[in-house]
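# Close look at the chain arrangement
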Amino acid sequence: MTTTARRPQLRDVVFVDGVRTPFGKARPDGLYAETRADDLVVKAVRELLRRHPELPPERVDEVAIAATTQQGDQGITLGRTVAVLAGLPQSVPGYAVDRMCAGGMTAVTTTAAGIAAGQQDVVVAGGVEHMGHHPMGFDADPNPRFVAERLVDAEALNMGVTAENIHDRMPHLTKERADAYAVQSQARYAKAVANGDVGPEIVPVAVRSGTLGWGLATADELPRPGTTVEAIRDLKTPFRPGGRVTAGNASPLTDGATASLLAAGDVADELGLPVRMRLVASAFAGVDPAVMGLGPVPSTEKALARAGLTLDDIGLFEINEAFAVQVLAFLDHFGLADDDERVNAYGGAIAMGHPLASSGVRLMAQLAHQFERNPHVRYGLTTMCVGLGQGGTVIWENPHHADYSGHTTAATQEA
């Protein structure tokens, strides 16, 4: 007699919470110059557990942590080392993830697939990038076949040049528009901080400076409040003489970490975990690496098709601002205005920074907060471009909406 293995029914995957460290300048005098990368993400994971005492630590089934440059204090199978350092039981496994800028996003989507299939119940997913210790591309050895066999244009290996290439291919996306968008990002971020919309997700981090001693990092170090178009108009164009991409309309080099807690909907109900979002669909897509910033366009189209939705169904957008022109290309393709209030309402990476592999979870935490403030919005998305010509998009449903179709736990109803 033979038996057939039971095929599990796919389960709802919910976003319980997301936190991040303050983001710091990736410089010798930056916030985290003397702080280890793994300690940053450990701090975020510990805070997640502190905020959710209803979660028995032994119920965490996996820890997936992303980093783009996996060496030194960002190496050694980050997920497992972070689990141990964060004080989780030794029974909790972990692994490392790398999809460049979308590492944290991929940690979420990969573990979410495991939850949906019944392989895990509760996971921690996040990312870290200490660009001060590990500059982007440091010690990398791209295969010479990329260029020798014309598989990839040599310029595609420099992210700033790929942004210049978008300006070239889409001349209507002018430097003036990019500068105006960057100023808007700074202004929206400053307003969000003042209103308390940015801050609740931030975990204070004890930091040490050789000259000042110990201190406490409680806020992002990179924003430039009061930035004007006139102030950034004549900044140098480091990627091309007479170019259009500057330090004013691009994200700065950044150190920081993020962590999120995901669970199956029925398990969140069992444990009394709050549901802040439900994962609806996700997709990654490839584009010409020479214009990698266009990646969010096909990944969003693919995710919408998988969800059975159209762009008109999306009420909130969190788009990673690697470069202003990359966001403008997305908005232009989908017919959205440069100042659409649904897009990056709390500002973005141009203001607060982009610590590569950690940024995907930062987008999710901000969208979750926006959902709470906007119960009339049912669907939102997080999206970002990825080095070597990729894009990633995740579509989420708001549990506070009247027509929410997923699990709503008692904890969420009370919130």
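None of these values were measured; they are calculated from a predicted model. (Residues numbered from 1 in each chain as written. Predicted model: local features only at pLDDT ≥ 70, side-chain atom pairs only at ≥ 80, totals over all residues. Heavy atoms only, no water.)

## Things to note about the overall build of the protein
Along its length, the protein carries 13 helices and 12 strands. By the compact-globule yardstick of 22 Å for 415 residues, the protein fits well, its C-alpha radius of gyration being 21 Å. Projected onto the principal axes, the alpha-carbon positions of the protein cover approximately 70 × 50 × 50 Å. Within the protein, contacts between residues separated by at least 24 positions form 79% of all contacts whose residues are at least 6 apart in sequence. By element, 52% of the accessible surface of the protein is carried by carbon and sulfur atoms, the whole surface being about 16900 Å². A gap of 1 Å separates the mean positions of the 35 positive and 49 negative side-chain charges of the protein. (Helix = DSSP H or I, 4+ residues; strand = E, 2+ residues; numbered from the N terminus. Rg over C-alpha atoms; globule rule 2.2 N^0.38 Å. Contact = heavy atoms within 4.5 Å. Areas by Shrake-Rupley, 256 points an atom, 1.4 Å probe, with all protein chains shown as cover. Lys, Arg positive; Asp, Glu negative; His and termini not counted. Charge placed at Lys NZ, Arg CZ, Asp CG, Glu CD.)

## Focus: the pairing of strand S4 (residues 94-97)
The side chains of a regular strand alternate between the sheet's two faces. In terms of strand pairing, strand S3 (residues 62-66) meets S4 through four bridges, oriented parallel. Bridged to Val63 within S4 is Gly94. (Pairing = 2+ DSSP bridges.)

## Thoughts on the UniProt feature "domain: Thiolase C-terminal" (unreviewed entry) in the protein
Taking the UniProt record as the reference, the feature "domain: Thiolase C-terminal" (unreviewed entry) is found at residues 277-397. Overall, residues 277-397 shows 35% helix and 26% strand. The separation of its end C-alpha atoms is 6 Å. (UniProt positions renumbered as here; feature names shortened; annotations may be inferred.)

## What about the UniProt feature "active site" (unreviewed entry) in the protein?
Under the feature "active site" (unreviewed entry), the UniProt entry names Cys101, His354 and Cys385. Spatial clustering of the annotated residues is evident: they stretch over 285 residues in sequence, but the largest pairwise C-alpha distance comes to 11.8 Å. Structurally, Cys101 can be placed in the loop between S4 and helix H3 (103-116). Looking at Cys101, the relative accessible area reads 11%, which means it is buried. Once residues within four sequence positions are removed from consideration, Cys101 is found in contact with Thr68, His354, Leu356, Ala357, Met384, Cys385 and Val386. Structurally, the position occupied by His354 is in the loop between helix H11 (349-352) and helix H12 (359-373). (Buried < 20%, exposed > 50% of the residue type's maximum accessible area, 1.4 Å probe, protein only.)

## Describing the pattern of salt bridges
All chains considered together, the criterion is met by 26 salt bridges. Among the ionic pairs, Glu230 bridges to Arg233, the shortest N-O distance being 3.8 Å. A relative accessible area of 53% places Glu230 in the exposed class. Each of Arg11, Arg59, Asp121, Asp266 and Glu270 takes part in a single network of salt bridges with overlapping partners. (Salt bridge = Lys/Arg side-chain N within 4 Å of Asp/Glu carboxyl O.)

## Regarding the nonpolar core
Residues Val128 and Trp396 are the most contacted members of the largest nonpolar core, which totals 76 residues. Of the residues forming this core, the biggest block, eight residues, is contributed by helix H1 (residues 37-51). In this view, Val128 contacts Ala37, Leu40, Val41, Ile65, Ala66, Ala67, Gln74, Leu78, Gly256, Ala257, Ala357 and Ser358; residues no more than four positions away in its chain are not counted. (Core = buried A, V, L, I, M, F, W, Y, C linked by side-chain atoms within 4.5 Å.)

## Comments concerning H3
For H3, spanning 14 residues, the distance from its first C-alpha to its last is 20 Å, which sits close to the expected 20 Å at 1.5 Å a residue. The buried fraction of H3 is high, at 12 of 14 residues. Every buried residue of H3 is listed here: Gly103, Gly104, Met105, Thr106, Ala107, Val108, Thr109, Thr111, Ala112, Gly114, Ile115 and Ala116. Two residues or fewer after H3 comes Gly118, characterised by a positive phi angle close to 85°. (Expected span 1.5 Å × (residues − 1).)

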